[in-house]
Amino acid sequence: AGAWPKAIELLVAMEEGRVEKDILAVNAVMRACDRGGSWGKAIQLLDDLSGSRLEMDSATYDVALTASGKEGRADKTMELMSEMERFKVEVRALTYNVAIHA
């Protein structure tokens, strides 16, 4: 549960070491934040991606939707669902399930 700060350190180290981060690494860090109870940090990581070259996928949004639900942010949940539609990200059954329970 307390692994999320280390996961963020590793993501930063990737960037500083000029290792190109990919969406899989970001998704893993977001999951670590979510599982560690740092839901706001998971959402912040998604927000930070908006200016990057990385293409967010269904898994990215699923983690963010889970985090927004745990944080009681129904407004953010709806915003994320709208973003998925706008960016043409595949919405899976799991995504709807996560959003409904958020």
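First, a word on scope: everything that follows refers to the structure included in this document. (Residues numbered from 1 in each chain as written. Predicted model: local features only at pLDDT ≥ 70, side-chain atom pairs only at ≥ 80, totals over all residues. Heavy atoms only, no water.)

Take the overall build of the protein chain next. Looking only at helices and strands, one finds 6 helices and 0 strands in the protein chain. Listing each helix as α and each strand as β along the protein chain from the N terminus yields α-α-α-α-α-α. Looking at the protein chain as a whole, 39% of its 102 residues qualify as buried. Pairs at least 24 residues apart make up 57% of the contacts formed inside the protein chain by residues separated by at least 6 positions. Only carbon and sulfur atoms are counted for the fraction: they give 54% of the accessible area of the protein chain, which is about 6,100 Å². For the protein chain, the separation between the mean place of its 13 positive charges and that of its 17 negative charges on side chains is 2 Å. (Helix = DSSP H or I, 4+ residues; strand = E, 2+ residues; numbered from the N terminus. Buried < 20%, exposed > 50% of the residue type's maximum accessible area, 1.4 Å probe, protein only. Contact = heavy atoms within 4.5 Å. Areas by Shrake-Rupley, 256 points an atom, 1.4 Å probe, with all protein chains shown as cover. Lys, Arg positive; Asp, Glu negative; His and termini not counted. Charge placed at Lys NZ, Arg CZ, Asp CG, Glu CD.)

The next subject is the pattern of salt bridges. Considering all chains together, one arrives at 7 salt bridges under this definition. Between Lys76 and Asp47 there is a salt bridge; the shortest N-O distance is 2.9 Å. Residue Lys76 is located in helix H5 (residues 74-86), and its partner Asp47 is located in helix H3 (residues 39-49); the two are separated by 29 residues in the primary sequence. Owing to a relative accessible area of 36%, Asp47 belongs among the partly exposed residues under this scheme. (Salt bridge = Lys/Arg side-chain N within 4 Å of Asp/Glu carboxyl O.)

On to the nonpolar core, then. One finds Val26, Val29, Met30, Leu46 and Tyr61 to be the most contacted residues of the largest nonpolar core, which totals 28 residues. Of all the elements, helix H2 (residues 23-35) adds the most residues to this core, at 7 residues. Contact partners of Val26, with chain neighbours within four places excluded, come to Leu11, Lys21, Leu49 and Leu54. (Core = buried A, V, L, I, M, F, W, Y, C linked by side-chain atoms within 4.5 Å.)

This part takes up the side chain of Lys76. Looking at Lys76, the relative accessible area reads 4%, which means it is buried. In this structure the side chain of Lys76 is engaged in a polar contact, spanning 2.9 Å, whose partner is the side chain of Asp47. At 3.1 Å, the side chain of Lys76 and the side chain of Glu79 are in polar contact. For Lys76, the residues in contact, after removing those within four places along its chain, are Ile43, Asp47 and Ser68. (Polar contact = N/O pair within 3.5 Å; in protein donor to acceptor, adjacent residues only side chain to side chain.)

Looking at the element boundaries, Asn27 is found in helix H2. Every residue in contact with Asn27, bar those within four places of it in the chain, is listed here: Asp57, Ala59 and Thr60.

Following the criterion strictly, the structure yields 0 aromatic pairs and no others. Its end group placed over the ring of Phe87, Arg86 keeps NZ or CZ at 5.0 Å from the ring centre. (Phe/Tyr/Trp six-rings, centres within 6.5 Å; stacked < 30°, edge-to-face > 60°. Lys NZ or Arg CZ within 6 Å of the ring centre and 35° of its normal.)

Backbone geometry at Lys88 places phi at a positive 55°, although glycine is not the residue there. In this structure, Lys88 sits in the loop between H5 and helix H6 (93-101). Looking at Lys88, the relative accessible area reads 74%, which means it is exposed.

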